Amino acid sequence: MEGKKPITSLWFSTIFSIIGLCSNLFAFYVLVNASRKTRSRSRSSFLIFLCGLVVTDFMGLLVTGIIVVSNHVTQFDWQVFDQNCYLCNFFGLSMVFYGQCPLILGAAMAAERFFGINKPFSRSATVSKKRACGIVVMVWCFAFFLGILPIMGVGRYTLQYPKSWCFLTLLQDSKNKLFGLIFSFIGIFSVSLSFILNTISVVTLCRVYHDRESVQRRRDSEVEMMVQLVGIMIIASLCWLPLLIFIAQTVLQHPSGELLEEEIPRSTEKFLLIYLRIATWNQILDPWVYILFRRAVLKRVYPSFKSRPSVVSLYPTITASLRRKFTQESVIQ
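Quick caveat, the model's predicted, so the values are computed rather than measured.

Student: How would you explain the side chain of Ser 184 if you had to name every residue and give the values?
Tutor: Mapped onto the fold, Ser 184 is located in helix H6 (residues 174-209). The buried category is assigned to Ser 184, whose relative accessible area is 2%. A polar contact of 2.9 Å, which involves the side chain of Ser 184, links it to the backbone oxygen of Gly 180. Beyond its immediate chain neighbours, meaning those up to four positions away, Ser 184 contacts Leu 244, Ile 247 and Ala 248.

Student: So what about the pairing of strand S2 (residues 165-168)? Which residues, and what values?
Tutor: Side-chain positions along a regular strand alternate between the two faces of the sheet. With four bridges joining them, strand S1 (residues 157-160) and S2 adopt antiparallel strand pairing. Across the sheet, the residue bridging to Gln 160 is Trp 165, located in S2. Counting the residues that bridge the hairpin from S1 to S2 gives four residues, and of these Lys 163 lies at a positive phi of roughly 65°.

Student: Tell me about the side chain of Thr 250, and name the residues and values.
Tutor: Tracing the chain through its elements places Thr 250 in helix H7 (residues 220-252). What makes Thr 250 buried here is its relative accessible area of 6%. The contacts of Thr 250, once residues within four sequence positions are left out, are Leu 170, Gln 172 and Thr 268.

Student: For empty space enclosed by the protein, give the residues involved together with the corresponding values.
Tutor: Under the criterion given, the structure shown has five cavities of 30 Å³ or more. The calculated volume of the largest cavity comes to roughly 520 Å³. In this structure, the largest cavity is lined by 27 residues; those nearest its centre are Phe 16, Thr 64, Val 68, Leu 276 and Thr 280. Put simply, the parts of the chain that give the lining of the largest cavity at least two residues each are helix H1 (10-37), helix H2 (41-74), helix H4 (86-118) and helix H8 (266-280). Broken down by class, the residue content of the lining of the largest cavity amounts to 13 nonpolar, 13 polar and one charged.

Student: Account for the packing of H1 against helix H9 (residues 282-292), naming residues and giving values.
Tutor: Between H1 and H9, the least distance of the axes is 8 Å, while the angle of their chain directions is 30°. Here H9 runs roughly parallel to H1, going by the angle between their axes. Taken as a pair, H1 and H9 cross one another with a handedness that is left-handed. Of the residues in H9, those in contact with Phe 16, Ile 19, Gly 20, Ser 23, Asn 24, Phe 26, Ala 27, Val 30 and Leu 31 of H1 are Gln 283, Ile 284, Pro 287, Trp 288, Tyr 290 and Ile 291.

Student: Please set out the UniProt feature "transmembrane region" (unreviewed entry) in the protein chain residue by residue, giving values where relevant.
Tutor: The UniProt record annotates "transmembrane region" (unreviewed entry) at residues 12-34, 46-70, 90-111, 132-158, 178-206, 227-252 and 272-293. Annotation note: span residues 46-70, helix share 100%, strand share 0%, distance between end C-alpha atoms 36 Å. For residues 90-111, helix accounts for 100% and strand for 0%, while the C-alpha atoms at its two ends are 31 Å apart.

Student: An account of the environment of Ile 234 is needed here, citing residue identities and associated values.
Tutor: Tracing the sequence through the fold places Ile 234 in helix H7. Residue classification places Ile 234 among the partly exposed positions, given a relative accessible area of 44%. Once the C-alpha coordinates of Ile 234 and Val 191 are considered, the two residues, 43 residues apart in sequence, prove to be 9.2 Å apart.

Student: Quick rundown of the state of the cysteines? Include the residues and the values.
Tutor: A complete count under the given rule lists one disulfide for this structure. Between the sulfur of Cys 88 and that of Cys 166 lies a disulfide, 2.1 Å long from S to S. Its S-S torsion of approximately -115° makes the covalent link between Cys 88 and Cys 166 left-handed. Of this pair, Cys 88 sits in helix H4 while Cys 166 sits in strand S2, placing them 78 residues apart in sequence. For the pair Cys 88 and Cys 166, one class covers both residues: buried. Between Cys 133, a free cysteine, and Cys 51, which holds the nearest cysteine sulfur, the sulfur-to-sulfur gap is 8.8 Å.

Basis of the calculations
- Residues numbered from 1 in each chain as written.
- Predicted model: local features only at pLDDT ≥ 70, side-chain atom pairs only at ≥ 80, totals over all residues.
- Heavy atoms only, no water.
- Helix = DSSP H or I, 4+ residues; strand = E, 2+ residues; numbered from the N terminus.
- Buried < 20%, exposed > 50% of the residue type's maximum accessible area, 1.4 Å probe, protein only.
- Polar contact = N/O pair within 3.5 Å; in protein donor to acceptor, adjacent residues only side chain to side chain.
- Contact = heavy atoms within 4.5 Å.
- Pairing = 2+ DSSP bridges.
- 1 Å grid on protein atoms, 1.4 Å probe; cavity = no way out; pocket = protein on both sides within 12 Å on 5 of 7 lines; lining within 4 Å.
- Points joined across faces, edges and corners; volume = space filled by probe spheres on them.
- Nonpolar A, V, L, I, M, F, W, Y, C, P; charged D, E, K, R; others polar.
- Axes fitted to C-alpha atoms, helices over the stretch in contact; angles between N-to-C directions.
- Parallel < 35°, antiparallel > 145°, perpendicular 65-115°, else oblique.
- Left-handed = near helix turned anticlockwise from the far one by under 90°.
- UniProt positions renumbered as here; feature names shortened; annotations may be inferred.
- Disulfide = S-S within 2.5 Å.

So this is what it looks like as structure tokens:
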């Protein structure tokens, strides 16, 4: 009876992919317009990170969506159609790459905002869009290197239940366990680092926001960026932590003696599929953080949220000459 009740659907996969692609395209349009209008160096760098995140989410949905929908339409047999596992390896690499990139980019964005808010005067004047682009490319390269580890022999990608997608395997051998732990540890570490840095940044902004000397000079641009960053962090945590923790727990547990060497419990396969579906919602929800939590939208919800001078409001005791110099050299492009 189990084989007669498909747990995947062509229409669900298609609608899911279309909604995600359209959301990311709209978010990219919003970010490009915002990038053209901004004159703040810190905000320009932040928008580069957001654009990198949108492009990553869009391509992840496009690549995996094409394969999944094609499988539903043609009903091809992976074991016959892909005997050399080329497509399976590509699909698995894509899942790891497009899964890890948002988490690592989120940590990089949290670090950038942490230094930008807590130690703005220690930042070099060379911090620019070019450097932000370089960091995004470095994150992509690292995630790609992580994705090719199974192809290089550290673990392997295998066909997953219900035989329609590929991912890292949870078989209980040393190499697969090692890759599973690497994948889950990097993801959990990225989310944890984002949480710590964002918490410190939010506390700093709250302290400044209610400071008597700077209450009339609130850093609305920094507040907007932190609201977006916290939203990204919350979504990533809710979507990815269940899968990451499940993978870590599964590879660390002792294998059951009732199973064959190349066999995984059906309950484990089903839970992996459920948690993976939850994780993929990250690519749909992310763009709505940029779309909804913009100053243009926040001003309508909270009319007193107006633009005010930014950077040096954290440090009102600085001399006027230093404030002018820092504003001219480090903020205005």
